[in-house]
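# Results of the structural survey
Next come the chains, spelled out residue by residue.
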Amino acid sequence: MNLFDDILRTHRGPATHTEDTFSFLNRSAWPASEGVRNLLESFFRRYPSSESAELKSKFETQFDSAFFELYLHELLLRLDCEVAVHPTLIGTGAKPDFLARFHQGQNVIMEAAIATDRTDKERARDARLNALYDAINSKTISPNFFICLGPIPDRDAVPTPKKIRKFIKERIAGLNPDIVEHAVRSGYGSPRWTYRDEGGFELEITAVPKSPESRGNPEVRPIGAYPGEVRWGDSRAVLKKSIDSKATKYGELDRPFVIAVNANWGTGRDVVAKALFGSKAFHDESDGVWNPTRNTRLSGVLVTTVVPWNVHCAPLCLYHNPFAKQSCRDITWRIPQAIARDSGMQWLEGSNSAELFELPKEWPGELWNN
């Protein structure tokens with residue numbers, strides 16, 4: 001069984017905004033996409049055949065979690081582990097993602113978690129905006145001009161794609177790109193309009209002439225600039241929430257238990273340390289994930305930020321819980337680690353992602369064909 005379809009691929013453009021990652025990878029002819037597919041197929045061949053059909057189905061519906069599970073399975077194999085997928089535990093019907101047996105004989109239970117700061121409401125809003133962007137990016141809406149979109153004050157009030165497409169097409173229709181380009185070079189601004197509807201949505205739209213060689217090319221998408229979005233703070237709260245949701249899932253365990261977290265942003269050492277140990281590290285009143293009386297059954301947290309295109313350079317670090325009932329510090333992990341000491345954090349070096357996965361720095365290849 002293959003993870004991706006065995007087909008002739010001719011699509012050389014980027015993904016649409018509403019397209020899921022698996023569908024794009026499955027049809028993309030980009031060299032980088034081929035590099036990713038080949039790597040994931042090699043991982044998939046080493047995944048247990050008894051579990052492969054379920055994982056493949058998950059790739060098509062829950063790509064992020066399926067990809068991370070496949071990545072972790074391969075990582076454990078490359079750490080010289082024997083890996084059991086969804087092992088049965090005594091005393092609970094719940095099955096963790098992996099049971100890894102290291103070559104020295106130690107067993108570690110590992111659970112995968114995705115740390116995301118997007119709420120269900122935000123994801124629904126993003127879906128509406130993505131549909132809007134795809135409508136504006138239609139190949140026929142603006143063959144000679146880039147469409148630059150201003151800030152969106154209220155991101156919940158999103159117009160129907162049909163209305164805004166009509167608005168843009170009507171205003172672009174009478175513009176000559178050569179005349180507009182000459183006017184811009186002479187010091188006049190680019191044509192600009194504000195779309196407003198009865199729902200309170202406002203969007204500033206600017207038309208910028210495409211270069212002569214790009215005009216009329218259906219492969220050049222119309223949107224030239226998107227509304228900016230600012231993220232404040234860091235990922236401490238998101239990390240804590242994702243770890244807490246898994247920390248007690250399997251009850252008391254007779255072997256080390258590690259949660260592997262794939263965070264979509266903010267995995268710097270200081271941020272992760274504060275999420276785990278809190279602002280008052282190493283004290284009973286710590287507001288972090290663990291302290292002498294909290295989450296002691298959790299042996300450690302493996303933190304990364306990995307996506308299909310950065311397997312070769314994704315950061316990796318295993319943070320050990322100094323209060324764990326079952327420690328995993330004596331295991332030869334071979335990856336970067338963090339150990340709490342009275343004087344602060346001790347950082348242990350280890351193999352990086354390129355070394356572990358044997359990937360060159362130029363992997364996965366060019367993002368597009370020349």
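Quick caveat: nothing in here was measured; it's all calculated off a predicted structure.

Calculation rules
- Residues numbered from 1 in each chain as written.
- Predicted model: local features only at pLDDT ≥ 70, side-chain atom pairs only at ≥ 80, totals over all residues.
- Heavy atoms only, no water.
- 1 Å grid on protein atoms, 1.4 Å probe; cavity = no way out; pocket = protein on both sides within 12 Å on 5 of 7 lines; lining within 4 Å.
- Points joined across faces, edges and corners; volume = space filled by probe spheres on them.
- Helix = DSSP H or I, 4+ residues; strand = E, 2+ residues; numbered from the N terminus.
- Nonpolar A, V, L, I, M, F, W, Y, C, P; charged D, E, K, R; others polar.
- Axes fitted to C-alpha atoms, helices over the stretch in contact; angles between N-to-C directions.
- Parallel < 35°, antiparallel > 145°, perpendicular 65-115°, else oblique.
- Left-handed = near helix turned anticlockwise from the far one by under 90°.
- Contact = heavy atoms within 4.5 Å.
- Pairing = 2+ DSSP bridges.
- Core = buried A, V, L, I, M, F, W, Y, C linked by side-chain atoms within 4.5 Å.
- Buried < 20%, exposed > 50% of the residue type's maximum accessible area, 1.4 Å probe, protein only.
- Phe/Tyr/Trp six-rings, centres within 6.5 Å; stacked < 30°, edge-to-face > 60°.
- Lys NZ or Arg CZ within 6 Å of the ring centre and 35° of its normal.

### So, the layout of surface pockets
By volume, the largest pocket amounts to about 1,200 Å³. Lining of the largest pocket is provided by 33 residues; of these, Asp-64, Thr-116, Arg-118, Arg-123 and Asn-264 occupy positions nearest its centre. The leading source of residues in the lining of the largest pocket is helix α5 (residues 120-136), at six residues. Residues belonging to the lining of the largest pocket are distributed by class as follows: 14 nonpolar, 10 polar and nine charged. Computed from the structure, the second largest pocket encloses a volume of approximately 270 Å³. Taken together, 13 residues form the lining of the second largest pocket, with Ile-114, Ala-115, Thr-116, Lys-241 and Ser-242 sitting closest to its centre. Of all elements in the fold, only β3 (107-115) and α8 (236-247) reach the threshold of two or more residues within the lining of the second largest pocket. Here the lining of the second largest pocket gets five residues from one element, more than from any other, and that element is α8. Each residue belonging to the lining of the second largest pocket can be placed in one class, and the counts come to five nonpolar, four polar and four charged.

### Details of the packing of α8 against helix α9 (residues 269-277)
Look at α8 against α9: their axes get within 9 Å of each other, and the N-to-C directions meet at 50°. By the angle class used here, α8 and α9 are oblique. Considering only the axes of α8 and α9, their crossing is right-handed. In this structure, α8 contributes Arg-236, Leu-239, Lys-240 and Ile-243 to the contact, and α9 contributes Val-271, Val-272, Lys-274, Ala-275 and Leu-276. When the residues that make up the contact of α8 with α9 are grouped by side-chain class, the tally is six nonpolar, no polar and three charged.

### Describing the sheet that holds strand β7 (residues 223-225)
Taken in spatial order, the four strands make up an open sheet running β5-β6-β4-β7, and their pairing is mixed. Each end of this open sheet is capped by a strand with a single partner; those strands are β5 (192-196) and β7. Going across the sheet, the axis of each strand differs from the next one's by a mean of 35°, ignoring polarity. Note that strand β4 (residues 145-149) and strand β6 (residues 202-209) share five bridges and pair antiparallel. What sits directly across from Leu-149, in β6, is Ile-205. Against the sheet, helix α6 (residues 161-172) engages β4, β5 and β6, with an angle of about 155° to β5.

### Quick word on the nonpolar core
Core analysis: the biggest nonpolar cluster contains 47 residues, and Phe-59, Leu-72, Leu-302 and Trp-333 have the highest contact counts within it. The element contributing the most residues to this core is helix α4 (residues 63-78), with nine residues. Apart from the residues lying within four places of it in its own chain, the contact partners of Phe-59 are Leu-3, Phe-22, Leu-40, Ala-66, Phe-67 and Leu-70. Among the nonpolar cores identified, the runner-up in size contains 28 residues, and Leu-99, Ala-247, Ala-263 and Ala-275 belong to it.

### Remarks on empty space enclosed by the protein
With the rule as written, the count across this model stands at one cavity of 30 Å³ or more. Along its surface, the largest cavity is lined by Asn-137, Ser-138, Lys-139, Ser-142, Pro-143, Lys-210, Asn-217, Pro-218, Val-220, Arg-221 and Pro-222. Across the lining of the largest cavity, the residue classes break down as four nonpolar, four polar and three charged.

### What about the packing of aromatic side chains?
Geometrically, a pair of aromatic rings is defined through the distance of the ring centres and the angle of the planes. Applying the stated rule across the entire model yields 16 aromatic pairs. Members of the aromatic cluster, each reached through a chain of ring pairs, are Phe-4, Phe-22, Phe-43, Phe-59, Phe-63, Phe-67, Phe-68, Tyr-71 and Phe-357. In this arrangement the basic side chain of Lys-210 is found over the ring face of Phe-146, its NZ or CZ atom lying 5.5 Å from the centre.

### A few points about the sheet that holds strand β1 (residues 82-85)
Reading across from one edge, β1-β2-β3-β8-β9-β10-β11-β12 is the order of the eight strands in this open sheet, with mixed pairing throughout. The open sheet is flanked by β1 and β12 (344-348), the only strands paired with a single partner. Ignoring which end each strand starts from, the neighbouring axes of this sheet average 25° apart. Across the sheet, α9 lies against β9 (300-304), β10 (316-320), β11 (337-341) and β12, angled at about 30° from β10, the strand it touches most.

### Notes on helix α3 (residues 49-61)
The set of residues buried in α3 consists of Glu-51, Ser-52, Leu-55, Lys-56 and Phe-59. Buried residues belonging to α3 abut α1 (21-27), α2 (31-45), α4 and β1.

### Describing unusual backbone geometry
Geometrically, the link from Trp-363 to Pro-364 is a cis peptide bond, its omega value of 10° lying close to zero. Note that Pro-364 resides in the segment after α10 (353-357). One non-glycine residue, His-86, adopts positive backbone phi at about 50°.

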